[in-house]
Protein chains: 2
Amino acid sequence: MESTKGKALSMPTIKRLPAYLNVLRRLAREGAELVSTTTLIDELGLEPVLVRKDLASLGLAGKPRLGYPLKELVAGIEAGLGWNKADEAFLFGAGSLGRALLGYKPFEENGLKIVAAFDADPAKVGQELHGKPVLPLSEAEELLRRMAVKVAVLCVPAEAAQPLADMLVPCGVRGIWNFSAAKLKVPEGVVCHNEDLCCGLAVFTVKMKNA
Amino acid sequence: MESTKGKALSMPTIKRLPAYLNVLRRLAREGAELVSTTTLIDELGLEPVLVRKDLASLGLAGKPRLGYPLKELVAGIEAGLGWNKADEAFLFGAGSLGRALLGYKPFEENGLKIVAAFDADPAKVGQELHGKPVLPLSEAEELLRRMAVKVAVLCVPAEAAQPLADMLVPCGVRGIWNFSAAKLKVPEGVVCHNEDLCCGLAVFTVKMKNA
DNA sequence: TAGATTGTTAATCGATTAACAATC
DNA sequence: TAGATTGTTAATCGATTAACAATC
């Protein structure tokens, strides 16, 4: 019973949408109103049919010969990704990766609003990073409940990730974006997405080996 | 004419290998010598056949009933990923993401040795981050050639990425790991791998929407 | 009308899963 | 020998590509 019509988004489609959005938003800033897929195809080097199928799976339609209405495209993709309303999130682990994500602009513009960071290390607590406070980990439970925060970004060492997740879930966290190398076990109904930068490195190094 | 026997690695296989390596290295530290795929399956929640096919595609063989020799597994995966010899790399853009990657331990242990950072902003130049110097961008060309550095990690703003790539390639850079949102055009023979954190965010937010 | 672009249906390709054989 | 695990071959599933129809 999803609100968006069209088929469910496939994983490859989901991963292509942010790139579409990048190009389309720029075109919108430049004042375009209608856009044909050829623009996306040229800029991103994709197959025409692929792009149109992706858009169709979002329930978006264009006009032959003219193209798609740009505003609807942008809004449709944002809605499809859930980027139209920004969730408030807490970040855990104010190491260098955590600090980088805390200040990472594209997240704010795209459905993820990190409002505070937490760290177990008293030396890291108290500072403000990118305008967001670093608070003691011990305060996390109460704040999660009081602010009804549903999303957590994990940048803690691998050993600390599972115990932390076990604390977060009972506090109402429904989504965990995990940048640690640990593979987390979470109960049914809680979303956990692992973002291991080493997977990206693996793809890169293999590509280089084969080049 | 690759040295490793077995079929070429598929993209999904490549992305699973780092997780295998994580588990296997820990088992090796714990003193194991033979390991059956059931361990990997349990820890990572994967299909048994998938794991064995992945290992077979690396040319690795086990003994029925006993398992695979752990050392050979680790060495085989490292070799398959090209993680057995660490490439020297330069990082461009010493913003917060760049600084985080500069100090990201897993890279050093896995075939990517970032030895210096470069930035166009004089205010960022001169400092040492994680024991690595931040140098003025103007020195990059000469140093790339002199040190024969073949790998570049890009953490610059999207607008700066393409001009930078155009400068790097003539200096001998053969691989570009691009953390900016820009889609780069590079000549044949130069590897460019885009690592857009927003793709990961997209997968995460859609998962949450559907949960 | 002609032509470009959208939209759909069928064919291909690749990865995962299933079933089973081989072996220590 | 019996049983667990490896290894292989065939079936399924999903995504991409190709071919073509529809429409502004």
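Structure: above.
Residues numbered from 1 in each chain as written. Chains lettered and ligands numbered in written order. Predicted model: local features only at pLDDT ≥ 70, side-chain atom pairs only at ≥ 80, totals over all residues. Heavy atoms only, no water.

A. Main features of the sheet that holds strand β5 (residues 128–129) of chain A. Residue and element names in this part refer to chain A. The 7 strands are arranged β5-β6-β4-β3-β7-β8-β9 in an open sheet whose pairing can be described as mixed. Looking at which strands have only one partner, the edges of the open sheet turn out to be β5 and β9 (191–194). Sheet analysis places strand β3 (residues 87–92) next to strand β4 (residues 112–119), joined by 6 bridges and oriented parallel. Counterpart to Phe 92 in the pairing with β4 is Phe 118. (Pairing = 2+ DSSP bridges. Helix = DSSP H or I, 4+ residues; strand = E, 2+ residues; numbered from the N terminus.)

B. The arrangement of the protein's contact with DNA strand D in detail. For DNA strand D, the set of nearby residues contains 22 residues, the closest of which are Arg 16 of chain A together with Thr 37, Arg 52, Gly 62 and Tyr 68 of chain B. In DNA strand D, the atoms that sit within 4 Å of the protein are 61% sugar and phosphate, with bases accounting for the remainder. Residue Gly 62 of chain B places a main-chain N or O atom 2.8 Å away from a phosphate oxygen belonging to DNA strand D. Taking Arg 65 of chain B, its main chain carries an N or O atom lying 3.4 Å from a sugar or linking oxygen of DNA strand D. When residues of the surface near DNA strand D are traced back to their parent elements, those giving at least two are α1 (11–29) and α3 (48–57) of chain A together with α3 (48–57) of chain B. Residues of the surface near DNA strand D, tallied by class, amount to 9 nonpolar, 5 polar and 8 charged. (Near = heavy atom within 4 Å. Polar contact = N/O pair within 3.5 Å; in protein donor to acceptor, adjacent residues only side chain to side chain. Nonpolar A, V, L, I, M, F, W, Y, C, P; charged D, E, K, R; others polar.)

C. Focus on the protein's contact with DNA strand C. Near DNA strand C there are 22 residues, and of these Thr 37, Arg 52, Gly 62 and Tyr 68 of chain A together with Arg 16 of chain B occur at the shortest range. The contact atoms of DNA strand C, taken as those within 4 Å of the protein, divide so that sugar and phosphate hold 60%. Between DNA strand C and the protein, one listed contact pairs a base oxygen with a side-chain N or O atom of Lys 53 of chain A at 3.1 Å. In this structure, Gly 62 of chain A approaches DNA strand C through a main-chain N or O atom, which is 2.8 Å from a phosphate oxygen. Of all the secondary-structure elements, those providing two or more residues to the surface near DNA strand C are α3 of chain A together with α1 (11–29) and α3 of chain B. Here the residues of the surface near DNA strand C are counted per class, giving 9 nonpolar, 5 polar and 8 charged.

D. A look at unusual backbone geometry. Residue and element names in this part refer to chain A. Positive phi is not limited to glycine here, since Arg 65 has a value of about 80°. One non-glycine residue, His 130, adopts positive backbone phi at about 50°. Checked against the element boundaries, His 130 lands in the loop between β5 and β6 (132–136). Classification of His 130 as partly exposed rests on a relative accessible area of 45%. (Buried < 20%, exposed > 50% of the residue type's maximum accessible area, 1.4 Å probe, protein only.)

E. Molecular detail of the pattern of salt bridges. All chains considered together, the criterion is met by 16 salt bridges over all chains. For Arg 26 of chain A, the salt bridge is made with Glu 43 of chain A, and the minimal N-O distance between the two is 2.5 Å. Here Arg 26 of chain A, found in helix α1, pairs with Glu 43 of chain A, found in helix α2 (residues 37–44); they are 17 residues apart in sequence, far enough to count as distant. The class of Glu 43 of chain A is partly exposed, set by a relative accessible area of 30%. In this structure, Arg 146 of chain B engages Glu 142 of chain B in a salt bridge whose closest nitrogen and oxygen atoms are separated by 2.8 Å. Residue Arg 146 of chain B and its partner Glu 142 of chain B are located together in helix α7 (residues 140–147), separated by 4 residues, close to a single helical turn. A relative accessible area of 60% places Arg 146 of chain B in the exposed class. The structure contains a network of salt bridges with shared partners spanning Arg 26, Glu 30 and Glu 43 of chain A. (Salt bridge = Lys/Arg side-chain N within 4 Å of Asp/Glu carboxyl O.)

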